[in-house]
Amino acid sequence: MTTLLLHHADILVTMDAHRREIADGGVFIRNGVIEAVGPSAELPQAADEVIDLRGSVLMPGMVNTHHHMFQSLTRAIPGAQDAELFGWLQRLYPIWSGLTPEMIRISTLTAMSELILSGCTTTSDHLYLYPNGSRLDDSIEAAAEIGMRFHACRGSMSVGVSAGGLPPDHLVEREHAILTDSQRLIETWHDPARHSMLRIALAPCSPFSVSRDLMRESALLAREHGVSLHTHLAENDNDVAYSLEKFGMTPAQYAESLGWVGADVWHAHCVKLDHDGIALFARSGTGVAHCPCSNMRLASGIAPIPAMRAAGVSVGLGVDGSASNDGAHMLGETRQAMLLARVGFGPAAMTARQALELATLGGAKVLGRDDIGALAPGMSADIVAFRTDGLDHAGAAVHDPVASLVFCASAKAALSVINGRVIVRDGELLPLQLPKLVERHNRLARQLAMG
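Residues numbered from 1 in each chain as written. Predicted model: local features only at pLDDT ≥ 70, side-chain atom pairs only at ≥ 80, totals over all residues. Heavy atoms only, no water.

Asks: Now, about empty space enclosed by the protein: what can you tell me, with residues and values included?
Replies: Scanning all chains against the criterion turns up two cavities of 30 Å³ or more. What the largest cavity holds in volume is close to 140 Å³. Lining the largest cavity we find 18 residues, and of these Leu85, Trp88, Leu89, His232 and Glu235 sit closest to its centre. Ranked by residues supplied to the lining of the largest cavity, first place goes to helix α1 (residues 85–96) with four residues. Here the second largest cavity defines a volume of roughly 30 Å³. Lining the second largest cavity, in full, are His290, Ile302, Ala303, Ile305, Pro306, Ala337, Leu340, Ala341, Phe345 and Met350. Counting residues per element, the ones that place at least two in the lining of the second largest cavity are α10 (305–311) and α11 (330–345). (1 Å grid on protein atoms, 1.4 Å probe; cavity = no way out; pocket = protein on both sides within 12 Å on 5 of 7 lines; lining within 4 Å. Points joined across faces, edges and corners; volume = space filled by probe spheres on them. Helix = DSSP H or I, 4+ residues; strand = E, 2+ residues; numbered from the N terminus.)

Structure below.
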């Protein structure tokens, strides 16, 4: 058995049922699971490893509910910097057709490094195109290498331009092949156990790139095997117009007609989810991945998150693909969620603590997890610390160190523990040599752009 003691944090944010914030707090961990939480003086005083966290805020690791990690290879690429969603995709599809298995693996390592260093300990990833022999397994193996808790989404596209879809025909797959590979991935990789490090979800990409049949069959397959469902929905006005023209329904009505609502389903964006859609999601327990930076980058709009939360919709945060949010910083996304809610709905629309709750407990619920998102006995030991005793928090941490995490400049994590294992120590990522990874990633990004 291995034990780890984190103690003497200035403030410990538990996100437990009582939302306790404990001064001079700490956590005692045994074999990757939290055994005790409380004031440092009340915890065991010895462990295999002891880390002193004076000058820091200690909190649950954040949960990223939507990403496209391969897109880190095409960040800030010319021609896609100033487009809305459909034009942005049409510019990038031809470039992405050059993706290789190595590119998938390295871009996943890059994206996960960025997330971990920004306070994220659990992430999903939506990989929906598989050219040149690429497989979801390439992402899964990268996650195991870096040690991140992972919900790998087997995305897909099956309706190309010639059939009225948006993607080029050469990037879509046959639906039988998609379903066959989906079943293989579930049977090979999915771990439903508590504290699982890897789960599979099925994720046909969007209403404008897959058929109704694939949506229905994916839902049947997922429910047969007890895995979750994920897709994009109601992202912008063009997305809504496409649903009305092609299906004669709003995006929410379309999702309901295909069985794509329920506690095992989460939809990305939902910027244009209407009043009836919000009520449907609340009633059915359907989750939403809110991606404020991407929604601003692509000028998609301001998602009605305060209305969703008031109605009881489960909402988590997502950094989205690294080409539509070119700085995928999880704490930064949390800050942006608070600020964008205030731009759209007034200064009291979201508090700093509500934003942190979306990033932790909210994301855990969206992903169907009851073992992450809070610090309490029996929970997975996914924990991060941010220093608040430096320049960026001067004059703020003395008043409210928890709120300062969101109001002040977004900090890098000083410590990250995932499944009881120290992954970031003193701001340094331990599993990888970042300079070598960045050099390799940049070489592959140039290669991909050149075609």
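Asks: Run through the layout of surface pockets, naming residues and quoting values.
Replies: Put simply, the largest pocket is a space of about 270 Å³. Lining the largest pocket are 13 residues, and of these Val315, Glu357, Leu361, Gly362 and Lys365 lie nearest its centre. Elements that contribute at least two residues to the lining of the largest pocket include exactly β13 (314–317) and α12 (352–366). Sort the elements by how many residues they give to the lining of the largest pocket and α12 lands first, with six residues. The residue inventory of the lining of the largest pocket, partitioned by class, reads five nonpolar, three polar and five charged. (Nonpolar A, V, L, I, M, F, W, Y, C, P; charged D, E, K, R; others polar.)

Asks: Describe in detail the side chain of Ser314, supporting the description with residues and values.
Replies: You can see Ser314 is positioned in strand β13. When sequence neighbours within four positions are dropped, the list of residues in contact with Ser314 reads Thr286, Gly287, Val288, Lys365 and Val366. (Contact = heavy atoms within 4.5 Å.)

Asks: Can you lay out the pairing of strand β8 (residues 149–156) for me, pointing to particular residues and giving the numbers?
Replies: For β8, a buried count of eight out of eight residues is recorded, marking the element as mostly surrounded by other parts of the structure. Alternating residues of β8 divide into Arg149, His151, Cys153 and Gly155 and Phe150, Ala152, Arg154 and Ser156, and every residue in both groups is buried. Bridge analysis of strand β7 (residues 120–127) against β8 gives six bridges, and the strand direction is parallel. Across the sheet, residue Thr123 finds its bridge partner in β8, namely Phe150. Bridge analysis of β8 against strand β9 (residues 198–204) gives seven bridges, and the strand direction is parallel. Paired with Ala152 across the two strands is Ile200, which belongs to β9. Where the polypeptide runs from β8 across helix α4 (residues 175–189) and back to β9, its parallel neighbour, the crossover connection is right-handed. (Buried < 20%, exposed > 50% of the residue type's maximum accessible area, 1.4 Å probe, protein only. Pairing = 2+ DSSP bridges. Right-handed = clockwise from strand over helix to strand, strands pointing away.)

Asks: Let's hear about the packing of aromatic side chains: which residues, and what values?
Replies: For the coordinates displayed, the defined rule picks out eight aromatic pairs. Seen in terms of ring centroids, Trp88 and Trp96 are 5.8 Å apart; in terms of plane orientation they differ by 75°. Their pairing is edge-to-face. On the basis of relative accessibility, which here comes to 4%, the residue Trp88 falls in the buried class. Taking relative accessible area as the criterion, Trp96 reaches 0% and is therefore assigned buried. On the numbers, 6.2 Å between centres and 80° between planes, the contact of Phe208 with Tyr242 is edge-to-face. In this pair, Phe208 sits in the loop between β9 and α5 (212–225) while Tyr242 sits in helix α6 (residues 237–247), placing the two residues 34 residues apart along the sequence. (Phe/Tyr/Trp six-rings, centres within 6.5 Å; stacked < 30°, edge-to-face > 60°.)

Asks: Give a description of helix α2 (residues 101–117) that names residues and reports values.
Replies: With 17 residues, α2 extends 24 Å between its outermost C-alpha atoms, agreeing within 8% with the 24 Å of an ideal straight helix rising 1.5 Å per residue. The buried fraction of α2 amounts to 14 of the 17 residues, a majority that puts the element mostly inside the structure. Positive backbone phi, at 100°, marks Gly119, one or two positions downstream of α2. (Expected span 1.5 Å × (residues − 1).)

Asks: Explain the nonpolar core to me, and be specific about the residues and the numbers.
Replies: Counting residues in hydrophobic clusters, the biggest one holds 141 residues, and the most contacted among them are Leu6 and Trp96. Among the elements that make up this core, the one with the highest residue count is α2 (nine residues). Every residue in contact with Trp96, bar those within four places of it in the chain, is listed here: Phe70, Gln71, Thr74, Trp88, Leu89, Tyr128, Leu129 and Pro131. (Core = buried A, V, L, I, M, F, W, Y, C linked by side-chain atoms within 4.5 Å.)

Asks: How would you summarise the environment of Thr121 if you had to cite specific residues and measurements?
Replies: Among the secondary structure elements, Thr121 is positioned in strand β7. What makes Thr121 buried here is its relative accessible area of 1%. Excluding residues that lie within four positions of it along the chain, Thr121 makes contacts with Gly61, Met62, Met148, Arg149, Asp382, Ile383, Val384, Ser416, Val417 and Ile418.

Asks: Can you lay out the environment of Ala152 for me, pointing to particular residues and giving the numbers?
Replies: Position of Ala152 among the secondary structure elements: in strand β8. As for Ala152 and Thr123, which are separated by 29 residues in sequence, their C-alpha atoms are 8.3 Å apart. Ignoring any residue separated from it by four or fewer positions in sequence, one finds Ala152 in contact with Asp125, Leu136, Ile140, Leu198, Arg199, Ile200 and Ala201.

By themselves, these are just geometric observations and shouldn't be taken as functional.
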